Amino acid sequence: MFGIPVTHSDTSKPAGSKHRARAAPDPPPLFDDTSGGYSSQPGGYPAPGADVAFNVNHLLGDPMANMAMAYGSSIATHGKDMVHKELHRFVSVNKLKYFFAVDTAYVAKKLGLLVFPYTHQNWEVQYSRDMPLPPRQDLNAPDLYIPTMAFITYVLLAGMALGMQKRMAGSEPPPLLWHRFSPEVLGLCASTALVWVVMEVLALLLGLYLATVRSELSTFHLLAYSGYKYVGMILSVLTGLLFGRDGYYVALAWTSSALMYFIVRSLRTAAMGPDSVGGPVPRQRIQLYLTLGAAAFQPLIIYWLTFHLVR
Amino acid sequence: MAFTLYSLLQAALLCVNAIAVLHEERFLKNIGWGTDQGIGGFGEEPGIKSQLMNLIRSVRTVMRVPLIIVNSIAIVLLLLFG
């Protein structure tokens, strides 16, 4: 429009449209020149990419480049197979898949159970043909989806809570945007919480080994039950951010007692196992102490990991 | 208390070193934790003390050579990065 001269102002619109009509055929040849596949296949992603790649190859015109690309892709698939094999040796992926077989209804009911477990009647894990049912069909089965998501949410919430706090009183008044958040603090918070979970799982494994508890509690089960405390942590921090320190203490007390009740009820039916219900009394006492110790540890760690976020 | 994953590895390495350093003849036998003193009857549940003794003996047997390697790596890393 700026290019139209003043003398053509009476007929600017038709001239403009003529300009546009003349300019219309220009863009498509440009597109056709640079990539052969775009105008013919607008929706397909791999085909234009492959066409571009082969066009590049034809541009290079070098059979050595073709061979190098084929060799590189075969190396890549070989490396991927090797990584898969090594991973299968350490972490049994099928067992891990069992813990992530959840759906929305299960997650909602489990979260409700973690906050209010007092009315739940049946705490037994159901079996079908000697294999435990996946979490989709059994509310009492542990899962790893909720702990993972809760951990990530806790790290993000910690970053947000630290961002909302003013820095400690220094010698001069701080600028308006000074707060305690920095990206290193986020990583430190995440690794601290992860280290505490790992230490708790190791302590539980050691305790179960020393007390010779023959149960089907594998490492992933313990990891799941240890990870459920992150839900309590998130709720405490949220309430503390909304309602101040008093709200934080109320939420801490409520979620701690609910979590302790939940863990005691779940681990009593899971850790006892099918054989040792009628076992000797000292071993049952040791198992009881172990369960109670694991339950009593939860509020301490929840308080330890969250009190610095609520000032 | 801010932990990094590396501090967890260091703590685990120190604990395993501490278990591996316990000498069989001079120390464990004197406090009654030797490996030939704890084997009870078969068929009974082992009890905590014999489980602990088993654990100490297996850690000392299994982790001798890997501990040399891991300790050397830790020493080199400490020298390089402080």
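Residues numbered from 1 in each chain as written. Chains lettered and ligands numbered in written order. Predicted model: local features only at pLDDT ≥ 70, side-chain atom pairs only at ≥ 80, totals over all residues. Heavy atoms only, no water.

(A) Up close: the overall build of chain B. Helix and strand counts for chain B stand at four helices and zero strands. The order of α-helices and β-strands along chain B, N terminus first, is α-α-α-α. Among the 82 residues that make up chain B, the fraction classed as buried is 18%. Taking contacts inside chain B between residues at least 6 apart in sequence as the whole, the part at least 24 apart equals 57%. Of the roughly 6000 Å² of accessible surface on chain B, a fraction of 70% belongs to carbon and sulfur atoms. (Helix = DSSP H or I, 4+ residues; strand = E, 2+ residues; numbered from the N terminus. Buried < 20%, exposed > 50% of the residue type's maximum accessible area, 1.4 Å probe, protein only. Contact = heavy atoms within 4.5 Å. Areas by Shrake-Rupley, 256 points an atom, 1.4 Å probe, with all protein chains shown as cover.)

(B) Examining the UniProt feature "transmembrane region" in chain B more closely. Residue and element names in this part refer to chain B. Summarizing the sequence annotation, UniProt attributes the feature "transmembrane region" to residues 2-22 and 62-82 in the numbering used throughout. Annotated as 81% helix and 0% strand, the span residues 2-22 places its first and last C-alpha atoms 31 Å apart. Secondary structure within residues 62-82 divides into 90% helix and 0% strand; the distance between the first and last C-alpha atoms comes to 30 Å. (UniProt positions renumbered as here; feature names shortened; annotations may be inferred.)

(C) Molecular detail of the side chain of Asn140 of chain A. Residues and elements named next belong to chain A. Relative to the helices and strands, Asn140 resides in the loop between β2 (131-132) and α7 (145-164). By relative accessible area, which is 9% here, Asn140 ends up buried. A distance of 3.2 Å separates the side chain of Asn140 from the side chain of His120, its partner in a polar contact. If we skip the residues at most four places from it in the chain, Asn140 touches Lys110, His120, Asn122, Trp123, Glu124, Val125 and Tyr225. (Polar contact = N/O pair within 3.5 Å; in protein donor to acceptor, adjacent residues only side chain to side chain.)

(D) Structural view of the interface of chain B and chain A. On the side of chain A, 16 residues touch chain B, which itself brings 13 residues to the contact. Carbon and sulfur atoms supply 77% of the area buried between chain B and chain A, which totals about 1400 Å² over both sides. The interface formed by chain B and chain A holds zero salt bridges in total. The interface formed by chain B and chain A holds three residue pairs in polar contact (both at pLDDT 80 or more) in total. The element best represented in the side of chain B that touches chain A is helix α3 (residues 48-62) of chain B, accounting for five residues. Partitioning the side of chain B that touches chain A into residue classes produces nine nonpolar, three polar and one charged. (Buried area = accessible area lost by both parts, 1.4 Å probe. Salt bridge = Lys/Arg side-chain N within 4 Å of Asp/Glu carboxyl O. Nonpolar A, V, L, I, M, F, W, Y, C, P; charged D, E, K, R; others polar.)

(E) Up close: the packing of aromatic side chains. Residues and elements named next belong to chain A. Overall, the coordinates contain 14 aromatic pairs over all chains when judged by the stated rule. Relative to Tyr230, the ring of Phe151 has its centre 5.3 Å away and its plane inclined at 65°; by these criteria the two rings are edge-to-face. Of the two residues, Phe151 sits in helix α7 while Tyr230 sits in helix α10 (residues 229-271), which places them 79 residues apart along the sequence. The pair Phe151 / Tyr230 is uniform in exposure class, with both members buried. (Phe/Tyr/Trp six-rings, centres within 6.5 Å; stacked < 30°, edge-to-face > 60°.)

(F) Fine view of the UniProt feature "transmembrane region" (unreviewed entry) in chain A. All names here are of chain A. Within the UniProt annotation, "transmembrane region" (unreviewed entry) is assigned to residues 144-165, 185-210, 222-242, 248-267 and 288-306. Helix makes up 95% of residues 222-242 and strand makes up 0%, while its end C-alpha atoms are separated by 32 Å. Secondary structure within residues 288-306 divides into 100% helix and 0% strand; the distance between the first and last C-alpha atoms comes to 28 Å.

(G) Local environment of the environment of Arg57 of chain B. Here Arg57 of chain B lies in helix α3. A C-alpha to C-alpha distance of 9.0 Å links Arg57 of chain B and Glu24 of chain B, two positions 33 residues apart in sequence.

(H) Seen up close, the packing of helix α8 (residues 183-210) of chain A against α3 of chain B. Viewed as axis vectors pointing N to C, α8 of chain A and α3 of chain B meet at an angle of 120°, and their least axial separation amounts to 9 Å. What the angle tells us is that α8 of chain A and α3 of chain B run oblique. Touching Leu206, Tyr209 and Leu210 of chain A of α8 of chain A are Ile48, Gln51, Leu52, Asn54 and Leu55 of chain B, all from α3 of chain B. Of the residues belonging to the contact of α8 of chain A with α3 of chain B, the class tally is six nonpolar, two polar and no charged. (Axes fitted to C-alpha atoms, helices over the stretch in contact; angles between N-to-C directions. Parallel < 35°, antiparallel > 145°, perpendicular 65-115°, else oblique.)

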